[in-house]
Amino acid sequence: MDTGDTAWVLASAALVLLMTPGLALFYGGMVRAKSVLNMMMMSFGALALISVLWVLYGYSMAFGDDVGGGLLGDPLEFFGLKSLMGTEGIDKGFAATSLVFTIPSLAFVAFQAVFAIITVALISGAIADRAKFGAWMVFAGIWATIVYFPVAHWVFAFDGAESETGGWIANKLLAIDFAGGTAVHINAGAAGLALAIVLGRRVGWKRDPMRPHNLPLVMIGAGLLWFGWFGFNAGSALSANGQAAEVWVTTLVATGAAALGWLLTERIRDGHATSLGAASGVVAGLVAITPSCSSVTPVGAILVGAIAGVLCALAVGLKFKLNVDDSLDVVGVHLVGGLWGTLAVGLFASATATAGVDGLFYGGGVDQLWRQAVGAFAVLVFSFVVTLVIGFGIDKTIGFRLDREDEVEGIDGVEHAESGYDFATSGGGGRTLTGGHLTPAGQADAEARGVNA
């Protein structure tokens, strides 16, 4: 056991954990005022539920010894994690007896747990404003069990790391996905698309203004995501070493380039560079560099990020042409950005980076590119199809979507009996909430304050 590596991985796990509250702020600011609490609760609900499932059987399904041709880990091998506990005593510094490489197995458990949590939380943005909270929690548990835990086995379970035999993408296909372009972003993006289809469009979509109600929250959330993402990517080195430093730099520069690419696209297309565009560009860059951060040079990372910013800025408008209400652009940012970043390994990878592979533009031919494509589209199809089945199953049994009247009234009041903003105490008489709605006087007051209720 290496204490420096252990410290870095535990600190990285804490950074990634912070990303879920950051996502809650990012998503919460993007919805209307009557939905902000529910949007944030979907992230916090995922944080609570997946934490428990991961310890019980999720980690074992992802990193247990393979029981299905590279498709699934043994759910019982590490059930409850008791078998991973144990130290050598105070005289030996409580060194762990169960290791993954140079870190305690439980440090690896912690690090991978927060990946599972945020992957589930990411999906919620596609169905903002209209999903029952209880149905969302049921979906989150089923989806994590049937989709995320197996896919994490495919991508992250390397032979001999925790168990003897791991997943097929990591060990047989040999696709490079350093920190989760397939397992996290393509997986969540495809699931978000499926759920958006299952739940249908929001009441008033394309007709009513559905602008973000609090852009400062959005930018704070994006900043926390960028901060935490250094744990996400650099922490995936699982060691305090040169690879972690390399990945830290490529993550930084790709994200900056993506934000610039998105803002330039907005400026040319719309005549304005917006704060929402800057925040969205940051996330697009983070998504795209996640799979490729260990395989590209810093200049290559700039290209990956800049192209991601342009592609994702253009992709978010496709939902209007395709008539699919992906509320907060999970598909346009995470699915498109994840696909691009995963395929970019096959184009921009350089053997001078720690992954040690040359892509097409560096003389490596198409060998790595086809591997990346197979891994990416396998996860996309699996996640999309299985999520459709789960979503329709929940909708036909307990019901997934709010009633129309409840959606119009406001999901915060209906589902949580709360309001994100207490307008009654911010103004004079008559400016109160009535059944989740502002009175006309309150609406006028809210508009004057810049709040889209």
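Residues numbered from 1 in each chain as written. Predicted model: local features only at pLDDT ≥ 70, side-chain atom pairs only at ≥ 80, totals over all residues. Heavy atoms only, no water.

Enquirer: Break down the packing of aromatic side chains for me, with residues and values.
Expert: Under the criterion given, the structure shown has 23 aromatic pairs. Centroid distance Trp229 to Phe232: 5.2 Å. Interplanar angle 50°. Geometry classified as tilted. Of this pair, Trp229 and Phe232 both sit in helix H7 (residues 215-234), 3 residues apart, which is roughly one turn of the helix. Taking the relative accessible area as the measure of exposure, Trp229 reaches 2% and is therefore buried. Seen in terms of ring centroids, Phe348 and Phe361 are 5.3 Å apart; in terms of plane orientation they differ by 70°. Their pairing is edge-to-face. One end of the pair, Phe348, is in helix H12 (residues 330-348); the other, Phe361, is in the loop between H12 and helix H13 (367-397), and 13 residues separate them in sequence. (Phe/Tyr/Trp six-rings, centres within 6.5 Å; stacked < 30°, edge-to-face > 60°. Helix = DSSP H or I, 4+ residues; strand = E, 2+ residues; numbered from the N terminus. Buried < 20%, exposed > 50% of the residue type's maximum accessible area, 1.4 Å probe, protein only.)

Enquirer: Give a description of the side chain of Lys319 that names residues and reports values.
Expert: Inspection of the secondary structure puts Lys319 in helix H11 (residues 318-322). Assessed through its relative accessible area of 11%, Lys319 is described here as buried.

Enquirer: Tell me about helix H9 (residues 275-292), residues and numbers included.
Expert: Between its first and last C-alpha, H9 extends 27 Å over 18 residues, near the 26 Å set by a 1.5 Å rise per residue. Most of H9 sits inside the fold, with 16 of its 18 residues counted as buried. (Expected span 1.5 Å × (residues − 1).)

Enquirer: Report on the packing of helix H2 (residues 36-63) against helix H3 (residues 105-123), specifying residues and quantitative values.
Expert: Where H2 meets H3, the axes come as close as 8 Å, and the angle between the chain directions of the two elements is 130°. Here H2 is positioned oblique relative to H3, judged by the angle of their axes. Considering only the axes of H2 and H3, their crossing is right-handed. When H2 is examined against H3, the residues Ser43, Ala46, Leu47, Ile50, Ser51, Trp54, Tyr59 and Phe63 are found in contact with a partner set consisting of Ser105, Phe108, Val109, Gln112, Ala113, Ala116, Ile117, Val120 and Ala121. Residues that form the contact of H2 with H3 fall into these classes: 13 nonpolar, 4 polar and no charged. (Axes fitted to C-alpha atoms, helices over the stretch in contact; angles between N-to-C directions. Parallel < 35°, antiparallel > 145°, perpendicular 65-115°, else oblique. Left-handed = near helix turned anticlockwise from the far one by under 90°. Contact = heavy atoms within 4.5 Å. Nonpolar A, V, L, I, M, F, W, Y, C, P; charged D, E, K, R; others polar.)

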